[in-house]
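Chain residues, written in single-letter form:
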Amino acid sequence: MYSNTANMLKQTSNLIHALNKLKQNLSFVKSYANNDKILALYFFNNAYSDFNLFKTIYLSVTPGDQKIDGFLQSYEKIFVEVNKYLESFTEDQFHKEVMFAITEVEMYLLNLIDIYR
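Residues numbered from 1 in each chain as written. Predicted model: local features only at pLDDT ≥ 70, side-chain atom pairs only at ≥ 80, totals over all residues. Heavy atoms only, no water.

**Structural notes on empty space enclosed by the protein**
Item 1. Taken as a whole and assessed by the stated rule, the structure comprises 1 cavity of 30 Å³ or more.
Item 2. For the largest cavity, the calculated volume is near 50 Å³.
Item 3. Taken together, Leu22, Leu26, Phe51, Phe71, Tyr75, Ile78, Phe79, Tyr85, Val98 and Ile102 make up the lining of the largest cavity.
Item 4. Elements that contribute at least two residues to the lining of the largest cavity include exactly α1 (2-32), α3 (66-76) and α5 (92-116). (1 Å grid on protein atoms, 1.4 Å probe; cavity = no way out; pocket = protein on both sides within 12 Å on 5 of 7 lines; lining within 4 Å. Points joined across faces, edges and corners; volume = space filled by probe spheres on them. Helix = DSSP H or I, 4+ residues; strand = E, 2+ residues; numbered from the N terminus.)

Structure, rendered in structure tokens:
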């Protein structure tokens, strides 16, 4: 039991770290989307890698959580159409919506960490 709880604590921390990296890279995308498309695409690719890392950790540890499943389904489509996303991401409202959704999942995971401690 102890090792399972310790593992869940570590993996939940890894999920939070992946979300933080995702937010950081998406902020860089927003910063560069109007000025330097090459840098924006670079950070977008990094964000997509962070998203996939989050998804991989989640699916290997605790699949079936409705809140996280909903987040994955809602925002995975962002990474499919890169050009459409980059154009939309320059709009403040869309950027805020994505960041808010990520922060909600992060807060949910932080609450889970408290349970595992």
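**Side note on the packing of aromatic side chains**
The description of two aromatic rings rests on the distance between their centres and on the angle between their planes.
Item 1. In this structure the tally under the stated criterion is 6 aromatic pairs.
Item 2. A centroid spacing of 5.8 Å and a plane angle of 10 degrees characterise the contact between tyrosine 32 and phenylalanine 43, whose relative ring orientation is stacked. One end of the pair, tyrosine 32, is in helix α1; the other, phenylalanine 43, is in helix α2 (residues 37-61), and 11 residues separate them in sequence.
Item 3. Under the relative-accessibility criterion, phenylalanine 43 is labelled buried at 14%.
Item 4. Through successive ring pairs, a cluster of aromatic residues spans Phe28, Tyr32, Tyr42 and Phe43. (Phe/Tyr/Trp six-rings, centres within 6.5 Å; stacked < 30°, edge-to-face > 60°. Buried < 20%, exposed > 50% of the residue type's maximum accessible area, 1.4 Å probe, protein only.)

**Things to note about α2**
Item 1. Taking 1.5 Å of rise per residue, 25 residues should cover 36 Å, and α2 covers 36 Å from first to last C-alpha, within 8% of that figure.
Item 2. Turning to α2, its buried residues number three or more, namely Ala40, Phe43, Phe44, Ala47, Asp50, Phe51, Phe54, Ile57 and Tyr58. (Expected span 1.5 Å × (residues − 1).)

**Section: the confidence of the model for the protein**
Item 1. Mean pLDDT for the protein: 84, with 88% of residues reaching 70 or above.
Item 2. For the protein, per-element mean pLDDT is lowest for helix α4 (residues 82-89), which scores 68, and highest for α2, which scores 90. (pLDDT = per-residue confidence, 0-100.)

**Section: the side chain of threonine 12**
Item 1. Of note, threonine 12 is situated in helix α1.
Item 2. Classification of threonine 12 as buried rests on a relative accessible area of 4%.
Item 3. Leaving out residues up to four positions away in the same chain, threonine 12 has contacts with Leu109, Leu112, Ile113 and Tyr116. (Contact = heavy atoms within 4.5 Å.)

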